[in-house]
Amino acid sequence: MSIKLLSFVLSTSVVVLSILSAANAQTPAPANAAPQSYRPGLGDLMTMTVQPRHTKLGLAGQEKNWAYAAYELHELEEAFERAARVWPTYRTVSIADLIVATTKEPMEAVSEAIKSADAARFAAAYGRLTETCNACHQATGRGVVVIQVPKASPFPDQDFRPVKQ
Ligand code: HEC
């Protein structure tokens with residue numbers, strides 16, 4: 001290797017090494033630091049979990065798919081519980097208390113309608129549940145968020161009709 005080439009190789013290695021050591025010099029995270037966890041906003045959780053569950057529950061009822069409606073009602077309950085766990089308070093309002101105060105009664109009525117496989121009762125109870133979505137939005141200063149009974153399915157890959165046994 002010529003002297004010129006050798007000095008080029010050496011100087012290049014010095015540059016590479018100094019870049020590497022600069023990278024290493026960045027403050028490492030303390031060993032006991034927990035990774036920053038993602039905390040979705042209440043509006044995100046409503047959009048990601050509560051809203052699709054509410055939609056699917058409505059579509060299940062419209063198709064008289066009672067087994068699936070029971071499943072989806074439970075999922076909706078859990079979606080509310082998880083939202084309240086992540087956001088116990090929204091602004092100054094206790095979300096956990098408000099969820100129980102607004103949704104408990106209509107959800108029980110929906111459950112009774114599902115158990116009795118009664119489409120008319122389901123439609124009435126589901127309508128009341130939908131009104132309580134809006135009651136809570138109004139109570140929390142989010143009255144611009146208006147929920148309605150779904151008119152069509154936004155899920156083209158899912159069949160909401162009862163499974164033929
Ligand atoms: C306990 C009160 C409460 C109940 C009950 C509730 N919501 Fe909400 N919802 C909120 C609040 C508060 C926000 C605004 C959150 C924010 O802006 O971060 C919200 C926001 C939303 C949003 C986001 C709006 C958007 O377009 O981005 C949707 C969708 C929504 N709710 C759907 C529902 C549905 C469907 C139900 C009923 C099954 C429901 N919510 C019941 C309190 C509630």
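Residues numbered from 1 in each chain as written. Predicted model: local features only at pLDDT ≥ 70, side-chain atom pairs only at ≥ 80, totals over all residues. Heavy atoms only, no water.

Within an unreviewed UniProt entry, the label attached to the chain reads Cytochrome c domain-containing protein, and the organism entered is Reyranella soli.

Enquirer: Looking at this model, I keep getting lost on the pattern of salt bridges. Mind explaining?
Expert: One pass over the full model with this rule turns up 7 salt bridges. Arg 128 serves as the salt-bridge partner of Glu 105, at 2.8 Å between the closest nitrogen and oxygen. In this pair, Glu 105 sits in helix H4 (residues 95–115) while Arg 128 sits in helix H5 (residues 119–139), placing the two residues 23 residues apart along the sequence. In this structure Arg 128 comes out as partly exposed when scored by relative accessible area, which is 35%. (Salt bridge = Lys/Arg side-chain N within 4 Å of Asp/Glu carboxyl O. Helix = DSSP H or I, 4+ residues; strand = E, 2+ residues; numbered from the N terminus. Buried < 20%, exposed > 50% of the residue type's maximum accessible area, 1.4 Å probe, protein only.)

Enquirer: I would appreciate a short explanation of H4 in the present structure.
Expert: Because each turn of an α-helix spans 3.6 residues, side chains separated by three or four positions end up pointing in the same direction. End to end, H4 covers 29 Å across 21 residues, agreeing with the expected 30 Å (1.5 Å per residue, within 8%). The largest bend along H4 reaches roughly 45° and is located at Thr 103, with the proline Pro 106 sitting one to four residues downstream. Along H4, the residues classified as buried are Ile 95, Leu 98, Ile 99, Thr 102, Thr 103, Pro 106, Met 107, Ala 109, Val 110, Ser 111, Ala 113 and Ile 114. Summarising the contacts, the buried residues of H4 are in contact with helix H2 (42–62), helix H3 (66–86), strand E1 (89–90), strand E2 (93–94) and H5. Ala 117, located one to two residues past H4, shows a positive phi value of around 50°. (Expected span 1.5 Å × (residues − 1). Bend = angle between axes of the 7 residues up to and from the residue. Contact = heavy atoms within 4.5 Å.)

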